[in-house]
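Tertiary structure, described
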Amino acid sequence: MERLPSMSLRRDPTGPRPSADPAALRPWVVAFCIIRFDLEQGQLVEECFPPDALPHSQLLLIAYSSFPDSMSHHQLNPNPARRLSSSSSIHDSIFSFRFPAAADSQDFVYGYVFNRRRQDERLPRGGEQKSVVILSRSPYSSVFRPLLQILGPLCFDIGPSALGLVASHVAAWPAPTPGALMNLPIGSAALRVHLPPAPNDPAAPFPPANPSVPHSLFHDADLFGSFRGLLLHLWTLWELMLAGDPLLVIAPTPPQCSEAVAALVSLVAPLPLAVDFRPYFTIHDPDFARLNSLGEGEEFPPMVLGVTNLFFLKALRNIPHVISVGSPGSNTGRNLPAAARSASTGGLGRNSGPGKLNLEQLSLKKFSPSGLLNAMKLRREGPLCLMTEHKEAVWSTYAATTKPDTAVLNRLIDSPRIEESMSVANNEILRRHFLELTTNFLAPFGPYLRATTPSEGTSPFLEPPPLPPFNADEFLSGLAARGPGKFLSKRMRSNWLDLYMRFLEGQNFMPWFRRRRAAAEKEQRRLWRQARMSTDINKLITKLSEVEIVDSFNAIERHLLAEIQQPSSANEDSATVCEKLKADLQAVFNNLPKDMQQLMLSNPKKAALLQGSPEQVDIK
């Protein structure tokens, strides 16, 4: 991107220095950093707010991850079209990375980077490079990208004091509410963002109710812009992400590779990705040594790595799928040039009509000798051909089950004159399609994840029935007999069951299934609890035998004790539920034979519950 304008967010120089409570800041941001690249000393952390918020080992990793990696020959010669004059130029870019919060931790720290590269003949060695970084435990790119567009230029305008100024605004924000629409004031403006649901939140609705709101991380990623030259491969990439296969995404610049990885993560929404993903991965990452030490034939761990360093092509030869994206002439993953792409890589052709893609150029089925030769050459040379020339391509031996959807491709717009609005419209089309595709793929698991309510004539005081047990072999046998459903059967080849087998064996299935199962069990408990609240106990008793009345007494007692023992914060209506259950317990007690009442009262616990009920017990 070109130099970004800064917003008016200045403090009064005569006023007090803004401050931010680190505890109030922490729900959103761990730290703000300014990092300078020194040609002699390397990456130097100039400023960190709050001070001492991060250990030295993490600061070192953050510093290395905040600049373009070495050995990417596309970084060495900035686009001359960006020159401001014959002697100077400014080049701004935004990208992201992430790393584990601690060794063997399941929590991650997300870094959002505003990088400014300035070339000026008057400066030592002809230029300088600085990055402004936001560190957070939350993957809220829809918040931190626009915040960086404010903070980044502001730091270059007023210096390090910008960190404390912006931090004071962020510390005043309400705590993040995953899945909600939030207004976050910053200066005289406000960021209006819809946060994605928490990755491990079992309460996220399934299937999705509204396709326009975020259903996974990185809903704002530029899916169309990142894979514009590889549109026909999107369905293959969807399957690889679904199965949790290892992928290496290589691009000329950090913005392009981090945007592509974010787009891949969002491709399988509403399925949360359980495999590790790194939007921008460098050789300085501690995990690189482990990956580089894998022997010939050793299986690569399930990871999605975004890289720019061409050394990875040799170092990570065991990774089975390599995707090359982006253009050396652009420094951002968004707004890629609309130039024609080679049909052999599955990209765009020239327009056959105003504003529409030329599907003939995409060559879905049409035989093309030149396309075949190009494809054979790419496959023969392998990803190492990127060492000499960057090209968009996919290297994988995997044969996809899902066919590219021509109806979706026909709706995409190709117009260089309205680049930004074109990407927004195309992203919406693609995201809705893949959301529907994933939702239909997951639909056969519905019976195992569906909460039930008490049927007519069934006492809601009984324990709800358990959800159906899941057995992978039985599931596949039943699915093979029933078929995948109308939506998928039109879009998948005859070996569609293989994709379900890969999904069941992959890293994404079991974490998702357990979360959805827990959510269904919780919902079922809520529905039965609600049914108990609306049941007229006196009407129910008239339909029960003496043995069933005794069973109902014991069941109501269990539910009442459970309500009393749970924390008061667990359910706001707990007191109301307790009163209702106490009244129901008394009503059932009054319908028991006298000898049974005496037996119940001989138990101190039962007697205490009855004596605490709204009505007096009279057994004479």
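Look up: the structure comes first, before these words.
Now for a look at the structure at hand. Just so you know, the residues in each chain are numbered from 1, in the order the chain's sequence is written. Totals for whole chains, interfaces and linings use all residues, but because this is a predicted model, local features are given only for residues with pLDDT of at least 70 and pairs of side-chain atoms are given and counted only at 80 or more. Where side-chain values are given, they derive from all heavy atoms of the structure, hydrogens and water being excluded.

With respect to the overall build of the protein chain
- From N to C terminus, the protein chain includes 22 helices and 12 strands.
- Per-residue accessibility, obtained with a 1.4 Å probe over protein chains only, is compared with the maximum for each type, and a residue is labelled buried under 20%, exposed over 50%, and partly exposed between these values. Every one of the 620 residues in the protein chain was classed for burial, and the buried ones make up 52%.
- On the protein chain, roughly 29100 Å² of surface is accessible, and the fraction owed to carbon and sulfur atoms is 52%. The helix count covers DSSP runs of H or I at least four residues long, the strand count covers runs of E at least two residues long, and both are numbered beginning at the N terminus. Under the convention used here, a 1.4 Å probe and the Shrake-Rupley method define accessible areas, while residue burial counts only the protein chains that appear.

Some details on the pattern of salt bridges
- Each salt bridge in this description consists of a side-chain nitrogen of Lys or Arg and a carboxyl oxygen of Asp or Glu lying within 4 Å of one another. Applying the stated criterion to the full structure yields 19 salt bridges.
- Arg 278 serves as the salt-bridge partner of Asp 276, at 2.9 Å between the closest nitrogen and oxygen. For the residue pair Asp 276 and Arg 278, the accessibility class agrees, reading buried in each case.
- Taking the shortest distance from any N to any O, the salt bridge between Lys 391 and Glu 389 comes out at 4.0 Å.
- Residue Lys 391 is classed as partly exposed on the basis of its relative accessible area of 24%.
- Ionic contacts of the salt-bridge type, sharing partners, join the residues Arg 98, Asp 276, Arg 278, Asp 285, Asp 287 and Arg 290 into one network.

A closer look at the sheet that holds strand E11 (residues 321–324)
- Pairing between strands requires that DSSP locate at least two bridges from one strand to the other. Spatial strand order, E9-E10-E8-E11-E12: five strands in an open sheet with mixed pairing. The open sheet terminates on both sides in strands that have one partner only, identified here as strand E9 (276–278) and strand E12 (393–395). Averaged over all adjacent pairs, the angle separating strand axes in this sheet is 10°, with direction ignored.
- Here strand E8 (residues 247–250) pairs with E11 via four bridges, running parallel. Note on E11: the bridge partner recorded for Leu 247 is His 321. Lines are fitted to the C-alpha atoms to define the axes, a helix being fitted only along its stretch in contact, and any angle between axes, read from their N-to-C directions, falls within 0 to 180 degrees.

Re unusual backbone geometry
- The omega torsion of the bond from Phe 49 to Pro 50 falls at -5°, within 30 degrees of zero and hence cis.
- On the secondary structure map, Pro 50 appears in the loop between strand E2 (42–49) and helix H2 (56–65).
- Between Ala 269 and Pro 270 the backbone carries a cis peptide bond, its omega angle lying at 10°.
- Examined against the element boundaries, Pro 270 turns out to sit in the loop between helix H7 (254–267) and E9.
- In this structure, Asp 52 takes a positive phi of about 60° despite not being glycine.
- Tracing the backbone through its elements, the reader meets Asp 52 in the loop between E2 and H2.
- In this structure Asp 52 comes out as exposed when scored by relative accessible area, which is 77%.
- The backbone of Phe 218 shows a phi angle near 60°, a positive value even though the residue is not glycine.
- Topologically, Phe 218 is positioned in the loop between strand E7 (189–194) and helix H5 (223–226).

Considerations on the nonpolar core
- Grouped together as the largest cluster of nonpolar side chains are 122 residues, with contacts concentrated most on Trp 28, Phe 32, Val 143, Phe 227, Trp 238 and Phe 441.
- In this analysis, two residues are considered to be in contact whenever any of their non-hydrogen atoms come within 4.5 Å of each other. Discounting residues that sit within four places of it in the chain, Trp 238 has contacts with Leu 267, Val 268, Thr 402, Phe 434, Leu 437, Thr 438, Phe 441, Met 492 and Leu 499.
- Listed in part, the 22 residues of the second largest apolar core include Cys 578, Val 588, Met 600 and Leu 610. The set of buried Ala, Val, Leu, Ile, Met, Phe, Trp, Tyr and Cys residues whose side-chain atoms join them within 4.5 Å is what this entry labels a nonpolar core.

Some remarks on the packing of aromatic side chains
- Between the rings of Phe, Tyr and Trp (Trp by its six-membered ring), a pair exists once the centres lie within 6.5 Å; its type follows the angle of the planes, with under 30 degrees stacked, over 60 edge-to-face, and the other angles tilted. In the structure shown here, the tally under the stated rule is 33 aromatic pairs.
- Aromatic side chains Phe 218 and Phe 277 sit 5.9 Å apart centroid to centroid with 90° between the ring planes, which places their arrangement in the edge-to-face category. One end of the pair, Phe 218, is in the loop between E7 and H5; the other, Phe 277, is in strand E9, with 59 residues separating them in the sequence. As far as the burial class goes, Phe 218 and Phe 277 line up, both buried.
- Whether a charge sits over a ring depends on NZ of Lys or CZ of Arg being within 6 Å of the ring centre and within 35 degrees of the ring normal. Just above the ring of Phe 277 sits the side chain of Arg 98; from NZ or CZ to the centre is 3.7 Å.
- The cationic tip of Arg 116 hangs over the ring face of Phe 156; the distance from NZ or CZ to the ring centre is 4.5 Å.

Points about helix H6 (residues 234–243)
- Summarising burial for H6: 10 of the 10 residues are buried, a large majority.
- Listed as buried for H6 are Leu 234, Trp 235, Thr 236, Leu 237, Trp 238, Glu 239, Leu 240, Met 241, Leu 242 and Ala 243.
- Just downstream of H6, Gly 244 is the residue with a positive phi angle, here 75°.

Here we look at the pairing of E2
- Alignment of strand E1 (residues 31–38) against E2, held across seven bridges, turns out to be antiparallel. What sits directly across from Ile 35, in E2, is Val 45.
- Between E1 and the antiparallel strand that follows it, E2, lie three residues.

Topic: the pairing of strand E6 (residues 181–186)
- The alternating pattern of E6 places Met 182, Leu 184 and Ile 186 on a buried face, while none of Leu 181, Asn 183 and Pro 185, on the opposite face, is buried.
- For E6 and E7, the ladder comprises six bridges, and the chain directions are antiparallel. Note on E7: the bridge partner recorded for Met 182 is Val 193.
- The hairpin formed by E6 and E7 contains two residues between the paired strands, and Gly 187 there has a positive phi angle of roughly 65°.

Digging into the packing of helix H19 (residues 546–565) against helix H20 (residues 574–590)
- Their axes nearest at 9 Å, the elements H19 and H20 cross at an angle of 160°. One finds that H19 runs roughly antiparallel with respect to H20. The element H19 and its partner H20 pack so that their crossing is left-handed. Contacts from Ile 549, Phe 553, Ile 556, Glu 557, His 559, Leu 560, Glu 563 and Ile 564 of H19 reach H20 at Ser 574, Val 577, Cys 578, Leu 581, Lys 582, Asp 584, Leu 585, Val 588 and Phe 589.
- In the scheme used here, Gly and all other residues not listed as nonpolar or charged are polar, with Ala, Val, Leu, Ile, Met, Phe, Trp, Tyr, Cys and Pro taken as nonpolar and Asp, Glu, Lys and Arg as charged. A per-class count over the contact of H19 with H20 returns 11 nonpolar, two polar and four charged. Roughly parallel covers angles under 35 degrees, roughly antiparallel covers those over 145, roughly perpendicular covers 65 to 115, and oblique covers all other angles. Crossing handedness: left-handed means the near helix sits turned counterclockwise from the far one by under a right angle, and right-handed means the same turn made clockwise.

Quick word on the side chain of Glu 392
- Along the chain, the position of Glu 392 falls in the loop between helix H11 (369–381) and E12.
- Here a polar contact means two N or O atoms within 3.5 Å. Within protein one must be a hydrogen donor candidate and the other an acceptor candidate, and residues neighboring in sequence count only if both atoms are side-chain atoms. Among the polar contacts listed, one links the side chain of Glu 392 to the backbone nitrogen of Gly 326, at a separation of 3.4 Å.

Some thoughts on the environment of Phe 553
- Mapped onto the elements, Phe 553 comes out in helix H19.
- The sequence separation of Phe 553 and Val 588 amounts to 35 residues, and the corresponding C-alpha distance is 6.0 Å.

Concerning the environment of Ala 162
- Looking at the element boundaries, Ala 162 is found in helix H4 (residues 161–171).
- Distance from Ala 162 to Leu 151, taken between C-alpha atoms, is 6.9 Å for residues 11 residues apart in sequence.
- Setting aside anything within four residues of it in sequence, one finds Ala 162 in contact with Leu 151, Leu 154 and Cys 155.

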